[in-house]
Structures are given as structure tokens and as C-alpha cells.
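So the chains spell out like this:
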Amino acid sequence: NAPEGTQAGLLKSLAFMEQAVSGLEVGVVYSISYYAAVRPGNAQSVLVKANGNVIQPATSVPAGYRSFTTGTFVATATTMTIRFETTDGGDNSIF
């Protein structure tokens, strides 16, 4: 079962989703926590970027939802773009 929350996404093959996050304080250290899963029998990895800088290198995602937390990053602006990007092609999906 999917964890409860207000936002969800689906990335298939080589894809990405991104969102501008506002309200950050310049100079403050942040990290991002999220849940992810792949379809059983699939293999997919995801990397996470903040304003184009990798804050989580490509990480293999298992079947069944699992909690992840990125490395820390320092806000360089009050609004930054967070991007989740898959790294494996083919018919592989991350939820």
C-alpha cells in the first residue's frame, strides 16, 4: 500500500519530475524525505537534485514502499527546484 500524503508521482523509463519549492531560508541546511517503490520484478534507480546539484546519487529502489532521505544541501535561494530523475531505461517504473 502507498504511504499517505498529499503528493504522488510516477516515473517510467528515463524520466523526471521537478517542483519549485519556496519558503527556504538562504544558508540553512535542508534534506528531503520521501517514499518510493518499483513494480515487482522491475529494477529502477532514482537520483535527486536541488537546483541541478545532486543531493542523492542514483539509488536503487526496491519493490514495496521504502523511506529515503537525501543528503543535506544548503539553500542558495529562497526558491529552489527539486528534481527526481530515473536512471534506468526500459519498462521500469517508480511510484
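Here, the structure is the one placed above.
What you are looking at is a predicted structure, and each value in this text was computed from that prediction instead of being measured.

Definitions and cut-offs
Residues numbered from 1 in each chain as written. Predicted model: local features only at pLDDT ≥ 70, side-chain atom pairs only at ≥ 80, totals over all residues. Heavy atoms only, no water. Helix = DSSP H or I, 4+ residues; strand = E, 2+ residues; numbered from the N terminus. Buried < 20%, exposed > 50% of the residue type's maximum accessible area, 1.4 Å probe, protein only. Contact = heavy atoms within 4.5 Å. Polar contact = N/O pair within 3.5 Å; in protein donor to acceptor, adjacent residues only side chain to side chain. Pairing = 2+ DSSP bridges. Axes fitted to C-alpha atoms, helices over the stretch in contact; angles between N-to-C directions.

## Notes on the environment of T69
Its place among the elements puts T69 in strand β7 (residues 66–69). The class of T69 is partly exposed, set by a relative accessible area of 49%. Each C-alpha atom of the pair T69 and Q44 lies 17 Å from the other, and the pair is 25 residues apart in sequence. Leaving out residues up to four positions away in the same chain, T69 has contacts with S31, I32, S33 and Q56. Within the structure, the side chain of T69 is placed 3.1 Å from the side chain of S33, a separation counted as a polar contact.

## Some words on the sheet that holds strand β5 (residues 44–50)
Reading across from one edge, β2-β9-β5-β6 is the order of the four strands in this open sheet, with antiparallel pairing throughout. In this open sheet, the two strands that pair with only one neighbour each are β2 (16–22) and β6 (53–61). Within the sheet, the average angular offset between the axes of one strand and its neighbour, ignoring direction, is 15°. Note that β5 and β6 share six bridges and pair antiparallel. Bridging across to β6, V46 finds its partner in T59.

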